[in-house]
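Listed below, chain by chain, are the residues.
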Amino acid sequence: MTTATASLGAGLKEQKIFQIRTYDGLRSSSNSLLALSRNTNLFLLPSSSSSRASITRAISTPVKPQTETKRSKVEIIKENSNYIRYPLNEELLTDAPNVNENATQIIKFHGSYQQYNREDRGTRSYSFMLRTKNPCGKVPNRLYLTMDDLADQFGIGTLRLTTRQTFQLHGVLKKNLKTVMSTIIHNMGSTLGACGDLNRNVLAPAAPFASKDYLFAQQTAEDIAALLTPQSGFYYDMWVDGEKIMSAESPEVVKARNDNSHGTNFPDLPEPIYGTQFMPRKFKVAVTVPTDNSVDLLTNDVGVVVVTDDDGEPQGFNIYVGGGMGRTHRVETTFPRLAEPLGYVPKQDILYAVKAIVVTQRENGRRDDRKYSRMKYLISSWGIDKFRNVVEQYYGKKFEPIRDLPEWEFKSYLGWHAQGDGGLFCGLHVDNGRVGGTMKKTLREIIEKYNLDVRITPNQNLILCGIRKAWKRPITTALAQGGLLQPKYVDPLNLTAMACPALPLCPLAITEAERGIPGILKRVRAVFEKVGLKYNESVVTRVTGCPNGCARPYMAELGFVGDGPNSYQIWLGGTPNQTALARTFMNKVKVQDLEKVLEPLFYYWKQKRELKESFGDFTTRVGFEKLQEWVDKWEGVVTTPPKYNLRLFSDKDTYNRIEELAKLQNKTAHQLAMEVIRNYVAAQQNGKGE
């Protein structure tokens, strides 16, 4: 210990000194209790009175050489923003229809993106997209009706359900931002942290089951969301003039947030967990129960699974880390990644464990190049063992071994279901999550008339909750009249398909997604019919307009990722239960040429698959080399007459009569019918030739 350090230590008997890896942009060098000097790695952290530990443990993480740290432009903007206020607070006061470049970064933390219609020529017509924050996808009745009104009054007349269980409201003008934001806030909603470098919306199964495991998973998701909500008040200062909006937080959340037993917090800063710099990039968490992979668990930075005992009582959680979808075309060092097991924690420790993971990423995630700032790159660089080691230092305990779980399933919760409390819920399929027109009007009338709460699913669908049994028939009738069909009447391809909004408003889109997927799915269905696949067969299809992967195309059995105007990468190999990562099969496939690729793939899947083998599993088993060979040599579907086809006959009576005649000629009904048809066709052709 240096003399300077020793003298400081002698004067601060209650403080303890540790050597930890630091990042200058996070910890203020002006605070002597946080940093002794930019030239040392010694930090003084206050002793904690927390009951979780009688002593403060040292945090020992890798120490980097003391060199000037390169930072991205966004990191500097955050540092100079006065906790996500400046320059947005000034830009909102100008008469311009847009905000400046720095403010576009800051407004993301408030839950908004600046956009313009890329198809308009001449002067740009700026507007803003607002995204709500709805842990578990929960939307109170009052908030739904408010969002419905706002879409008509200040948006483009539609609501968009997202893959992270939130609303997106497009087309809000700058002059209306404060009105819209404050209205959402005053009607049980929020957009705080729906975008930006912090924890995003926390996913959980949307199904309103009254079972202990589902309720516990949903409560845990809400607690994690509360734990990681910004505390410095910038959001309410901006949109409701600093009005204090009280929200109920459990004592456990407050205790976990304030706990600094293991050096996780900035005790003297307005943001105790995030500091001045927040996270290096977005951070995503999902919570679920065993078997239920409606949340695409492994695509998240942190995946949390409730573990119960034999009586269904929650005991703890399995934790998975390092998932993420985003990548950059032609940059092979960027990639989608699945989360991997970190360990098991008792149920009372989950908030502390999640906080420790967040702090590990906060302190060690890259802040120089945003392409590599997600936690998946830190784990890929360090390896899971080193990552676990560092997290355990901030957690203060060792993780227990991961618990065994049953196989995962994708659960959509479409159609009618019992909640388990005497009520019913109804899951509604919404193509690409776009609620508009007659559908929007119908939903409004039903939700308002029956005073229903709703939930948004991670598959862009909607669940109506708390329905009395006596209401089932009139609600079913009203839904059908509004075009909201029960799942048995929807094409199976549509039921699992997803697309991002893409053009015309998304600034990152390279090609179509939401507007393009209806046509793509119709063409996939036509290919199914051409190669003889049955109507009830399906493949998980997802389309994005760019490689950022908002609709999680890298988990699809058939993924389309925009890589040029009217052009897609094709990804294959995901599974129906979203547990395997797809891989790039072909690049630069023009949208008009999709059949040239899809026909041979689906034809050989039908011909060569194993019993009940999904398309994704088939493509993985066969291998891309063989698949490419089939595509390259494809000459079209070889048609062979079916052995038996009752569909030739218009009714059973006709079939019985043909069968009687066929027996006299020692033929089957099908053979005789085909012979009659061929003779008729030949006669017609001969007649035309004369």
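Residues numbered from 1 in each chain as written. Predicted model: local features only at pLDDT ≥ 70, side-chain atom pairs only at ≥ 80, totals over all residues. Heavy atoms only, no water.

Caption draft 1: Layout of the overall build of the protein. Helices and strands together make up the secondary structure of the protein, namely 21 helices and 21 strands. Residues counted as buried form 56% of the 690 residues belonging to the protein. The long-range fraction of contacts in the protein, counting pairs at least 24 apart against all pairs at least 6 apart in sequence, stands at 68%. Element-wise, carbon and sulfur atoms account for 50% of the exposed surface of the protein, whose accessible area totals about 30,600 Å². (Helix = DSSP H or I, 4+ residues; strand = E, 2+ residues; numbered from the N terminus. Buried < 20%, exposed > 50% of the residue type's maximum accessible area, 1.4 Å probe, protein only. Contact = heavy atoms within 4.5 Å. Areas by Shrake-Rupley, 256 points an atom, 1.4 Å probe, with all protein chains shown as cover.)

Caption draft 2: Spotlight on the sheet that holds strand β8 (residues 285-288). Overall, mixed pairing links the 4 strands, which are arranged β8-β9-β10-β11 in an open sheet. Bordering the open sheet on either side are β8 and β11 (340-346), each of which pairs with just one other strand. When strand polarity is set aside, the average angle formed by the axes of neighbouring strands in this sheet is 20°. In this structure, strand β9 (residues 302-308) lies alongside strand β10 (residues 314-321), joined through 7 bridges in antiparallel fashion. Note that in β10 the partner of V302 across the bridge is V321. Across the sheet, helix α10 (residues 350-364) lies against β9, β10 and β11, angled at about 10° from β10, the strand it touches most. (Pairing = 2+ DSSP bridges. Axes fitted to C-alpha atoms, helices over the stretch in contact; angles between N-to-C directions.)

Caption draft 3: How the structure looks around helix α19 (residues 624-632). Restricting attention to buried positions, one finds in α19 the residues F624, L627, W630 and V631. All buried residues of α19 fall inside an arc of 120° around its axis, so they share one side. In this structure, α19 carries E625 and D632 as exposed residues pointing more than 90 degrees from its buried face. Where α19 is buried, its residues meet β20 (567-572), β21 (583-590), α17 (594-608) and α18 (615-622). (Arc of directions from axis to C-beta.)

Caption draft 4: Local environment of the nonpolar core. In terms of nonpolar packing, the biggest core is built from 111 residues, with Y144, I319, V321, I357, F387, L443 and L464 touching the most fellow members. Take this core: its biggest share by element is 9 residues, from α10. If you count residues domain by domain, this core takes at least three from each of domain 1 (208-410) and domain 2 (415-490). Not counting residues within four places of it along the chain, the set of residues in contact with L443 comprises Y144, L428, V435, L462, L464, L479 and L484. (Core = buried A, V, L, I, M, F, W, Y, C linked by side-chain atoms within 4.5 Å. Domains from an automatic or database assignment.)

Caption draft 5: Structural context of helix α16 (residues 517-531). If you check α16, its first and last C-alpha atoms are 21 Å apart, about what 15 residues at 1.5 Å a residue would give, namely 21 Å. Within the sequence span of α16, burial applies to I517, I520, L521, V524, R525, V527, F528 and V531. Buried positions in α16, seen along its axis, are confined to an arc of 160° and lie on one side of it. For α16, exposure combined with an orientation more than 90 degrees from the buried face picks out K522 and E529. Looking at the buried side of α16, the elements it contacts are α15 (492-495), β17 (498-499), β18 (541-544), β19 (558-564), β20 and α17. Immediately downstream of α16, the backbone of G532 shows phi near 95°, a positive value. (Expected span 1.5 Å × (residues − 1).)

Caption draft 6: Region of the structure containing the pattern of salt bridges. This structure, assessed with the given rule, holds 41 salt bridges. One salt bridge in this structure joins E119 and R515, with 2.4 Å as the shortest N-O distance. Placement of the pair is E119 in the loop between β3 (112-116) and β4 (126-131) and R515 in the loop between β17 and α16, with a sequence separation of 396 residues. Accessibility expressed as a relative area gives 43% for E119, which makes it partly exposed. The partner of R515 in a salt bridge is E512, with the nearest N and O atoms 2.7 Å apart. Counted as one network, the salt bridges with shared partners bring together D148, D149, D152, K440, R444 and E448. (Salt bridge = Lys/Arg side-chain N within 4 Å of Asp/Glu carboxyl O.)

Caption draft 7: Structural view of unusual backbone geometry. Cis geometry is found at the peptide bond from Y86 to P87, where omega equals 0°. Position of P87 relative to the elements: it lies in the loop between α2 (73-79) and α3 (88-91). Note the cis peptide between L503 and P504, where omega equals 10°. Relative to the helices and strands, P504 is located in the loop between β17 and α16. In the Ramachandran plot, Y413 falls in the positive-phi region, its phi being about 60° despite a non-glycine side chain.

Caption draft 8: Local environment of the sheet that holds strand β7 (residues 167-172). Taken in spatial order, the 5 strands make up an open sheet running β3-β4-β7-β6-β14, and their pairing is antiparallel. Every interior strand has two partners, whereas the edge strands, β3 and β14 (434-435), have only one. Pairing between strand β6 (residues 159-161) and β14: 2 bridges, direction antiparallel. Bridging across to β14, R160 finds its partner in R434. Helix-sheet contacts for helix α6 (residues 177-185) involve β3, β4 and β7, and the interaxial angle to β4 is about 10°.

Caption draft 9: Representation of the side chain of K282 in the model. Tracing the backbone shows K282 in the loop between α9 (251-258) and β8. Although buried, K282 forms no salt bridge, and the nearest oppositely charged side chain, D197, lies 8.1 Å from it. Ignoring anything within four residues of it in the chain, the contact list for K282 reads G196, D197, L198, R200, D301 and R374. (Lys, Arg positive; Asp, Glu negative; His and termini not counted.)

Caption draft 10: Layout of the confidence of the model for the protein. With 86% of its residues at a pLDDT of 70 or more, the protein has an overall mean of 89. In this model residues 1-66 is a low-confidence stretch, pLDDT under 50, and it forms 124 contacts with partners more than four residues away in sequence or in other chains. (pLDDT = per-residue confidence, 0-100.)

Caption draft 11: The environment of F266, seen in detail. Its location among the elements puts F266 in the loop between α9 and β8. Each C-alpha atom, one on F266 and one on T276, is 9.5 Å from the other, the two residues being 10 residues apart in sequence.

Caption draft 12: Region of the structure containing the pairing of strand β13 (residues 424-428). Buried residues dominate β13, accounting for 5 of its 5 residues. Neither face of β13 is open: one carries L424, C426 and L428, the other F425 and G427, and all of them are buried. Pairing of strand β12 (residues 415-418) with β13, which is carried by 4 bridges, proceeds in the antiparallel orientation. From the neighbouring strand, A418 faces β13, where its bridge partner is L424. Here β12 folds back onto β13, and the loop between the two strands holds 5 residues, one of which, G420, carries a positive phi near 100°. One ladder, built from 4 bridges, connects β13 with strand β16 (residues 462-467); its direction is antiparallel. Paired with L424 across the two strands is I467, which belongs to β16.

Caption draft 13: Expanded view of the environment of G564. Relative to the assigned elements, G564 resides in strand β19. Separated by 52 residues in the primary sequence, G564 and E512 have C-alpha atoms spaced 9.8 Å apart. With near-sequence residues (within four places) excluded, G564 lies in contact with I510, T511 and K588.

Caption draft 14: The arrangement of the packing of α16 against α17 in detail. Here α16 crosses α17 at 45°, and the two axes come no closer than 9 Å. Our classification of the angle between α16 and α17 gives oblique. Along this stretch, α16 crosses α17, giving a crossing that reads as right-handed. For the pair α16 and α17, the contacting residues are I520, R523, V524, V527, F528, K530 and V531 in the first and L594, E595, L598, E599, F602, Y603, W605 and K606 in the second. Across the contact of α16 with α17, the residue classes tally to 10 nonpolar, no polar and 5 charged. (Parallel < 35°, antiparallel > 145°, perpendicular 65-115°, else oblique. Left-handed = near helix turned anticlockwise from the far one by under 90°. Nonpolar A, V, L, I, M, F, W, Y, C, P; charged D, E, K, R; others polar.)

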